[in-house]
Number of protein chains: 4
Amino acid sequence: MHAIGVDIGGTKIAAGVVDEDGTILAKTRRDTSPDDVAGIDQAIAEVYLELSGSYEVGAVGVAAAGFVSADRSSVLFAPNIAWRDYPLRQRVQAILQDDVMIVVENDANAAGWAEFQFGAARDVDDMLMLTVGTGLGGAIVSNGTLVRGAWGVAAEIGHMRVVPGGHYCGCGHEGCWEQYASGSALVRDAQATLIIQPERAARLLELAGDEVTKLTGPHVTQAAQEGDPLAVELLAELGRWLGEGAASATALLDPALIVVGGGVADAGDLLLAPARKAFDEQLSGRGHRPEAAIVVASMRNDAGMVGAADLARR
Amino acid sequence: MHAIGVDIGGTKIAAGVVDEDGTILAKTRRDTSPDDVAGIDQAIAEVYLELSGSYEVGAVGVAAAGFVSADRSSVLFAPNIAWRDYPLRQRVQAILQDDVMIVVENDANAAGWAEFQFGAARDVDDMLMLTVGTGLGGAIVSNGTLVRGAWGVAAEIGHMRVVPGGHYCGCGHEGCWEQYASGSALVRDAQATLIIQPERAARLLELAGDEVTKLTGPHVTQAAQEGDPLAVELLAELGRWLGEGAASATALLDPALIVVGGGVADAGDLLLAPARKAFDEQLSGRGHRPEAAIVVASMRNDAGMVGAADLARR
Amino acid sequence: MHAIGVDIGGTKIAAGVVDEDGTILAKTRRDTSPDDVAGIDQAIAEVYLELSGSYEVGAVGVAAAGFVSADRSSVLFAPNIAWRDYPLRQRVQAILQDDVMIVVENDANAAGWAEFQFGAARDVDDMLMLTVGTGLGGAIVSNGTLVRGAWGVAAEIGHMRVVPGGHYCGCGHEGCWEQYASGSALVRDAQATLIIQPERAARLLELAGDEVTKLTGPHVTQAAQEGDPLAVELLAELGRWLGEGAASATALLDPALIVVGGGVADAGDLLLAPARKAFDEQLSGRGHRPEAAIVVASMRNDAGMVGAADLARR
Amino acid sequence: MHAIGVDIGGTKIAAGVVDEDGTILAKTRRDTSPDDVAGIDQAIAEVYLELSGSYEVGAVGVAAAGFVSADRSSVLFAPNIAWRDYPLRQRVQAILQDDVMIVVENDANAAGWAEFQFGAARDVDDMLMLTVGTGLGGAIVSNGTLVRGAWGVAAEIGHMRVVPGGHYCGCGHEGCWEQYASGSALVRDAQATLIIQPERAARLLELAGDEVTKLTGPHVTQAAQEGDPLAVELLAELGRWLGEGAASATALLDPALIVVGGGVADAGDLLLAPARKAFDEQLSGRGHRPEAAIVVASMRNDAGMVGAADLARR
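Residues numbered from 1 in each chain as written. Chains lettered and ligands numbered in written order. Predicted model: local features only at pLDDT ≥ 70, side-chain atom pairs only at ≥ 80, totals over all residues. Heavy atoms only, no water.

> Tell me what's going on with the overall build of chain A, and back it up with residues and numbers.
What chain A contains, in helices and strands, is 9 helices and 13 strands. Taken over the C-alpha atoms alone, chain A extends approximately 65 × 50 × 35 Å along its principal axes. Across chain A, 23 positive and 42 negative side-chain charges occur, with their mean positions spaced 2 Å apart. (Helix = DSSP H or I, 4+ residues; strand = E, 2+ residues; numbered from the N terminus. Lys, Arg positive; Asp, Glu negative; His and termini not counted. Charge placed at Lys NZ, Arg CZ, Asp CG, Glu CD.)

Have a look at this one:
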C-alpha cells in the first residue's frame, strides 16, 4: 500500500507518495505561513488531492514539529506554528469531505522511524536517534515499536537535564542537553571564544565575514575540516556532550544503535569520534554488556516525509 | 496458568506459586550463598520440585539482581552474586532433566512489572518505576511492554548521570543519579551533617545510639516523622533529586505514572511531596502536556516473585 | 585633610568634599556622556575647581566602574564607558595645569573601602564586601589593607565560577557567580517561572503590569515582603547562591565580616537569612573556627564617593 | 638575625637554623608521635636548645598542619595531630623557662612564604601558591603580606567549592577543589579507569604490581613521562581542574604569579601545560588585563622550615 507523507515546515509543506520500501514515487510542495493554520489545512488537502490523482494511497502521515496528541489526530502545542490543541486530522478531513486515514506524527519521531525502517538502523530492533540541528531532537524505538509515551510527547531528549544550574534553555529550564549538544550551542561557544580568545578564532571570524553575529554552524564544520584547531576543539566539545548524554539515555534504554542526524552530523567523525570516546568513558556497566555503535544517519531531508507515510500506513 | 516466581537474594531464595491475578498461592524458601552458584541452581530446582508437586505450573520466572541476557536465559553479570556469563536456565534444566520454561529477569524489572500488572500502575500503559532502596533501580513500561533494551540491560536508571563531576559511584563513574536519590545517599548526607552541624543532628545521633556509623535510612525516616527539622530536610533533598531526575526521564519516556518503591518510599509524603514539587518545576513542556502523577508502590517484598512469574508465563 | 571623591556613572558624575570621618561636607554633579571621555575629564576638572574653591582639599579620588591600573592613574578597560588604556589622572591634571594628587579606584573597591572605614565593617580588619546589584561586584580588605591585586583587578568576585558548564555570562565564560547571585539573575529566574508555572506567578505578573519583560528586582522584593511564596522562594534561592559562594570565598580569605550591599540587599533578611543558612552549611572547617557574620551594608549611594576620597588621601 | 624553623610532621619534626637569605645553616630532627602533644612540645624545646647552642637565634617559627590562631600562638585544630585549641607557644616556653619568640604558622602558609621570599615568587608582590600533594593546600600573598585572614585560617584553597553536588570531601562537604586537583584525586580517577576501561590501563596496572589499590601518584607521573596515553590524560585532567580553579581564585586575588608545588608538580609540563590552557580559557577579563604566569615551585621539602623561620623573625 502506498501512503502520502507530508512534512510541515515553517514556510512550506513538502509531500510525497511513499511505497512500502520507503521509496518516494512523486513529490510536490506548497508555500504556507506559520500563523495561518487554516491555510496549512488547505495546503495539506491540496497536496493530497494532487498526489492521490496519480497514485492510489491508503493513508496520509503528517510530520509536524510539536507535541502531538496520543491518538495522533491533533497538535497540542507547536513552538513555531500557531497550533494550540488543534484538531488537524478533523480539519483536513472536513475540507476533503473524505475519511481518508490521516495520522499526525511528531516530525522527529517520523524522521527517526524512517531511519529505523529504511536507513541506518534498519537491522536493529532498539534504536536511539539524535537529531543535532538548531536544537537537539530525537526518537526512540524499543523492541521494534516507536516509543510515543502516554501522551505522545516522549523522546523530547533535548530537554533531559545534563547540568544542574546549567545554561538557560528556551523551554524555561536550566541545563537542558540541547544547550550543550546542538548547532546553537556550537555557534554560541564559537562566538564566546571570539570574545575571549580572538587570537585563536581568526579563521572562524574570516569565514563569518568578520561579523561575529554572522557565524554559523557550517562555518565551524568547514574550518574544522580544514584543520583549524579551535573549530576541531569546538566540535569535539559538542561531541563529548553528545556522547555523555547518550550514555545517560543508554542507561535507561539500552539501544543497539545510536543514530546521529541533523545538520551538525555533516561534520562526520570530527563530531562522532569524540562522541564515541565520551560514550565509552561514561557508559555504565561497560565491559559487562555489549555496546551500542554510534553512526551517522543515512537518510536526509526526506526522512520526515517517508517516516510519516510509513507510520500512517501501519 | 499458574507460574512459579523465584526471587534470588544474597543469602536466600524465596519462591511462590502465582496465579494469573498475581495472587501467591503457596510459598517456600531456601538459604543460599552468593559465592556458590551451583548451590543456587540446586535451590531453584528444589523449590520448583516442591511447589510443582502441589500445583500445576507452566513456567518459572527467576528474578535476579544483575544484567540478564536478551534471550532471558543467562546472567551476564551480577554485582553481588558470582554469576559471570552464567547460563542459569540451562543449568537448572539440566538438574531437573526437564524442559520446563525458565525465564530469567532482572529483579527490578520483575518488581516493576508486578506493579504494572497488579499494583499501583495497573490502569496505565506507560509507567516509570523508581525503586529507592540502598541504590536506585527501576523499570520502564512503554505501551504495555516492558522495555528490556537490545541486550536486556535497559532501565539501569540509577546510572543516568545527573551531576557532571559529581559523586563517585561504585560503577566507576561520577554523578550517577543513585548517588543522590537512594538510601545510601540519605545516610551519607545525614552523616556529613553530623560532622559539620552536630547541633542540628542531636535526634539522629540519639537514634543511632550515639554512633555515627550506625545511622540508617529508617532512623532518618523515623526522625522526620517525629518532625525533626534536619531529617525532614534530608528527605526533602532526596525527594528533590528524585523529582528532578524523574523529569529528565520523563523527557525521554513520557510515562502516565511514576511509581516510587523501595524502603525509602516508606517515608511517604515526606519524600513524595518534595519529589512532586521538583518534578513540576523541572518538567519540560509543562502546561502544554498532561503530567504524570507520582505515587507510592502498592506491592511490597513479593513484587519480584510475582512479576517474574507473570513475565515467565507470557 | 579633606579630599574630594568623584563617582563616575554612565550619564553623570557626582562629587563631594569628604572629611577624615567620612562625612560629606559639600556635593555637586555634572551630566556626562559615556562615549565622551574628554567630556568626563572636563567634568572632573570642573567639580574639582568648584569644590576646592570653598574647601582646602589634599587629594582627589575618582571611583570608576572598570579595570584600574596598578598605579591607580589609568583605566585599562571599562565595560560601559569608552575608556581603553586611558590615562585619566594625566588628562585631568593637564586640564587643571595643577599636580593635585588624583587617584583612580575601581568603584566597587571604593564603596567597599567606605564600608570598611566608616560603615558596617568599621570594627574589623578583614572584610568581604558583596555588592548585589545588576551584577555582583565586591571588595576585599585583608589585615586593614584593600586587596587590589598585582594589576589592580582583584575582587572581581562575580566572575568566580560556581557552576562548571553553568549559565553564560556577558564576560564570555560560563557559570560565573553573578549569573546566580545578582538582580539580573533574580529577574531572569522570575521570568522563567512566569513561563513554566504561571499559576504561581500571578502577583509578580500583576506588579509588572502584566508584561513579563517589565518585571524588575524591586517587584520581586515587594512581592516577597507581602508574603508572596514564589517571590520569597526566588530571593531565598539567590540568598542560597550568595551564601554558598561566600563560603568558597571565605575558604580563601577568612574575613571577619561579610557585608552585603547593592539594591537587592534592600530585601534584608528575605535575602540574608537564606544566605546565612547556606554559608553555615557550606563553610569549610565549621566548628573549628570562628564564623564570619553576614550583615547588610550601612552606607548607600555615596559610598563610592566617600571611599574614593578616603583612599586618595592615604 | 638568624631564626630557627621547625616543621612538624606526623611522626617526626625537622628543624634548622635559617639566615636572612633563607639559607639553612644547620639542621636536626626528632621522632615524635601525633597523639603525644606533650612529646612534641618537648621535641621542639630540644631542637631549640641543640641549635641555639651553636647559633645565635632571635626567634622560632613552627610550621604546623592545622588551623592556627590569629595571634600565631596556638593550634585551633589539626586533622592529623591531637591538637585542639592547643597553646603551643606557651607550652614550649614553659619547658624552656625562656621567653624566646615562638611563632606558630600553618605549614602551607610557611612553605608559600618561603617560595615568596626566596623561591619562584621572589620577584613579585602578589602570589598564589598551590600545593598539590595528597590534598590541595596553598598560600596567598597580597601586596607583600601573607593573607592570614581574621582568624588565621585563610588560604584553605582546597575547600573552595568547584562543583555543586560534586565529590564528597573529608571535610564533610561536596565538590571541594582538592577532590579534583590533588594526588588523591589522581589516584582515584586512575583506579576508576582500571575498572571501567582496563584495556587502557595496562601500564598503570603493571607499575602498581597488578594491584589496583597499590597504585600511587608517582606511578601515574612515571607512566605519563613514558608516554602512556591514559596517564597523560589523567594528569591533563588534573591540570585542567587546577587551571580552572586558579582562574576563579584569580578573579578574587589577581596574583602576578601562580606557583605550583607539592609532589604532583614533579610531573612538570604534563601538569602545567593543561593547567595554563585551562587558566587562559577561564580567566575573566582576559585581553583587558595582564595574566599571571603559572610556574613550578623552586623550593622543596625545606620550604616549610625556611618560611616559618622567616615569618618568625619579622
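Once the structure has been displayed, the description carries forward.
> I'd like a description of the packing of aromatic side chains, backed by residues and values.
Under the criterion given, the structure shown has 12 aromatic pairs over all chains. Relative to F116(A), the ring of W113(A) lies with its centre 5.2 Å away and its plane at 40 degrees, an arrangement referred to as tilted. One end of the pair is W113(A) and the other is F116(A), both in helix α3 (residues 107-118) and 3 residues apart, which spans about a single turn. Per residue, the accessibility class of W113(A) equals that of F116(A), and both read buried. Summarising the aromatic geometry, the rings of Y180(B) and W241(B) are spaced 4.5 Å apart at their centres and angled 45 degrees between planes, so their arrangement reads as tilted. Here Y180(B), found in the loop between β11 (145-146) and α4 (183-196), pairs with W241(B), found in helix α7 (residues 229-253); they are 61 residues apart in sequence, far enough to count as distant. (Phe/Tyr/Trp six-rings, centres within 6.5 Å; stacked < 30°, edge-to-face > 60°. Buried < 20%, exposed > 50% of the residue type's maximum accessible area, 1.4 Å probe, protein only.)

> Talk me through the interface of chain C and chain B; I want residue IDs and the actual numbers.
Taken together, the contact between chain C and chain B spans 9 residues of the former and 9 residues of the latter. Together chain C and chain B conceal approximately 790 Å² of surface at their shared face, both sides included; 28% is due to carbon and sulfur atoms. When the buried area of chain C at its contact with chain B is split by residue, I196(C), E281(C) and R286(C) rank highest and sum to 53% of it. Counting across the interface, chain C meets chain B through 6 salt bridges. Residue R200(C) is joined to E281(B) by a salt bridge in which the shortest nitrogen-to-oxygen separation is 3.4 Å. In this assembly, chain C and chain B are joined by 8 residue pairs in polar contact (both at pLDDT 80 or more). Per-element accounting of the side of chain C that touches chain B gives the leading share, 3 residues, to helix α8 (residues 269-282) of chain C. The class makeup of the residues in the side of chain C that touches chain B is 1 nonpolar, 1 polar and 7 charged. (Contact = heavy atoms within 4.5 Å. Buried area = accessible area lost by both parts, 1.4 Å probe. Salt bridge = Lys/Arg side-chain N within 4 Å of Asp/Glu carboxyl O. Polar contact = N/O pair within 3.5 Å; in protein donor to acceptor, adjacent residues only side chain to side chain. Nonpolar A, V, L, I, M, F, W, Y, C, P; charged D, E, K, R; others polar.)

> Hey, could you go over the nonpolar core for me, with residue numbers and the actual values?
In terms of nonpolar packing, the biggest core is built from 200 residues, with L242(A), L242(B), L242(C) and L242(D) touching the most fellow members. If we skip the residues at most four places from it in the chain, L242(C) touches L130(C), V132(C), L136(C), W177(C), A181(C), V260(C), L271(C) and A275(C). (Core = buried A, V, L, I, M, F, W, Y, C linked by side-chain atoms within 4.5 Å.)

> If you had to explain the sheet that holds strand β2 (residues 12-18) of chain C to someone new, which residues and values would you point to?
Residues and elements named next belong to chain C. Taken together, 5 strands build an open sheet; the order of strands is β3-β2-β1-β4-β8 and the sheet is mixed. With partners counted over all chains shown, the strands left at the sheet margins are β3 (24-31) and β8 (101-106), one partner each. Strand-to-strand twist across the sheet, computed as the mean angle between neighbouring axes with direction ignored, equals 20 degrees. Here 6 bridges tie strand β1 (residues 2-8) to β2, and the two strands are oriented antiparallel to one another. Looking at β2, one finds that I4 is bridged to V17. Contacts from helix α1 (residues 37-54) reach β1, β2, β3 and β4 (57-64), with the element oriented near 150 degrees to β3. Strands β1, β2, β3, β4 and β8 of the sheet are contacted by helix α9 (residues 303-313), whose axis makes an angle of about 130 degrees with β4. (Pairing = 2+ DSSP bridges. Axes fitted to C-alpha atoms, helices over the stretch in contact; angles between N-to-C directions.)

> Tell me about helix α8 (residues 269-282) of chain D, and please be specific about residues and values.
All names here are of chain D. Taking 1.5 Å per residue, 14 residues should reach 20 Å; α8 reaches 19 Å between its end C-alpha atoms and fits that length. Among the residues of α8, L271, L272, P274, A275, A278 and F279 are the ones counted as buried. Considering only its buried residues, α8 is in contact with α7 (229-253), β12 (257-261) and β13 (293-296). (Expected span 1.5 Å × (residues − 1).)

> Describe the interface of chain A and chain B, listing the residues and the values that go with them.
Contacts between the two partners involve 47 residues from chain A, matched on the other side by 47 residues from chain B. Buried area between chain A and chain B, both sides added, is near 3800 Å², and the carbon and sulfur share of it is 62%. Ranking the residues of chain A by area buried against chain B places W151(A), R161(A) and L252(A) at the top, with a combined share of 20%. The salt bridge involving R161(A) is made with E244(B); its shortest N-O contact spans 2.5 Å. At the junction of chain A and chain B, the tally comes to 20 residue pairs in polar contact (both at pLDDT 80 or more). Of all elements in the fold, only β6 (75-77), β10 (136-142), α7 (229-253) and α8 (269-282) of chain A reach the threshold of two or more residues within the side of chain A that touches chain B. It is α7(A) that contributes the most residues to the side of chain A that touches chain B, 7 residues altogether. Across the side of chain A that touches chain B, the residue classes break down as 26 nonpolar, 12 polar and 9 charged.

> So what about the pattern of salt bridges? Which residues, and what values?
Taken as a whole and assessed by the stated rule, the structure comprises 92 salt bridges over all chains. Taken together, the salt bridges that share partners define one network made up of R161(A), E237(B), R240(B) and E244(B).

> Explain the relation of the copies chain C and chain B residue by residue, including any values.
You can overlay chain C on chain B at an RMSD of 0.1 Å; the transform is a turn of 180 degrees with a shift of 0.1 Å along its axis. Such a turn and shift between the copies fits a two-fold axis. Of the C-alpha atoms belonging to chain C, the one lying closest to the rotation axis is found on P164(C), 4.2 Å away. Same-surface contact between copies: 100% of interface residues of chain C are shared with the interface of chain B. (Least-squares fit on C-alpha atoms with pLDDT ≥ 70 in both.)

> For the side chain of H219(A), give the residues involved together with the corresponding values.
Residues and elements named next belong to chain A. Within the secondary structure layout, H219 lies in helix α6 (residues 217-226). One polar contact links the side chain of H219 to the main-chain carbonyl oxygen of L207, over a distance of 3.3 Å. In this structure the side chain of H219 is engaged in a polar contact, spanning 3.0 Å, whose partner is the backbone nitrogen of T216.

> Quick rundown of the pairing of strand β9 (residues 127-132) of chain B? Include the residues and the values.
Residues and elements named next belong to chain B. β9 sits mainly inside the fold: 5 of its 6 residues count as buried. Counted between consecutive antiparallel strands, the loop separating β9 from strand β10 (residues 136-142) contains 3 residues. Looking at chain direction, β9 and strand β12 (residues 257-261) are connected through 5 bridges and run parallel. Bridge pairing links L128 to I258 in β12.

> Which residues make up the pairing of β10(A), and what values do they have?
Residues and elements named next belong to chain A. In terms of residue burial, β10 counts as a mostly covered element, since 6 of its 7 residues are buried. Where strand β9 (residues 127-132) meets β10, 6 bridges bridge the pair, whose relative direction is antiparallel. Across the sheet, residue T131 finds its bridge partner in β10, namely G137. Summarising the sheet, β10 and strand β11 (residues 145-146) pair through 2 bridges and their orientation is antiparallel. Pairing of S142 across the sheet is with T145, part of β11. As consecutive antiparallel partners, β10 and β11 are separated by 2 residues, and within that stretch N143 has a phi angle of approximately 50 degrees, a positive value.

> Requested: an account of the packing of helix α1 (residues 37-52) of chain A against helix α2 (residues 88-96) of chain A, with residues and values cited.
Residues and elements named next belong to chain A. Interaxial distance between α1 and α2 falls to 9 Å at its minimum, and their mutual angle equals 55 degrees. Looking at the two axes, α1 sits oblique to α2. For the crossing formed where α1 meets α2, the hand is right-handed. Taken together, the residues of α2 that come into contact with α1 (itself represented by D41, Q42, I44, A45, Y48 and L49) are L88, R91, V92, I95 and L96. Of the residues contributing to the contact of α1 with α2, the split by class is 8 nonpolar, 1 polar and 2 charged. (Parallel < 35°, antiparallel > 145°, perpendicular 65-115°, else oblique. Left-handed = near helix turned anticlockwise from the far one by under 90°.)

> Tell me about the state of the cysteines, and name the residues and values.
In total, this model carries 0 disulfides over all chains according to the counting rule given. No disulfide involves C171(A); its nearest neighbouring cysteine sulfur is the one of C176(A), lying 3.6 Å away. Its sulfur unpaired, C169(D) is 3.7 Å from the next cysteine sulfur, which belongs to C171(D). (Disulfide = S-S within 2.5 Å.)

> Describe in detail the relation of the copies chain A and chain B, supporting the description with residues and values.
Expressed as a screw operation, the relation of chain A to chain B combines 0.0 Å of axial shift with a rotation of 180 degrees, fitting to an RMSD of 0.1 Å. By residue overlap, the copies meet face to face through one surface: 100% of the interface positions of chain A are interface positions in chain B.

> Explain unusual backbone geometry residue by residue, including any values.
For Q97(C), which is not a glycine, the phi torsion comes out positive at approximately 50 degrees. Judged by its relative accessible area of 71%, Q97(C) falls in the exposed class. You will see that D254(D), though not glycine, has its phi angle at about 50 degrees, which is positive. Mapped onto the elements, D254(D) comes out in the loop between α7 and β12.

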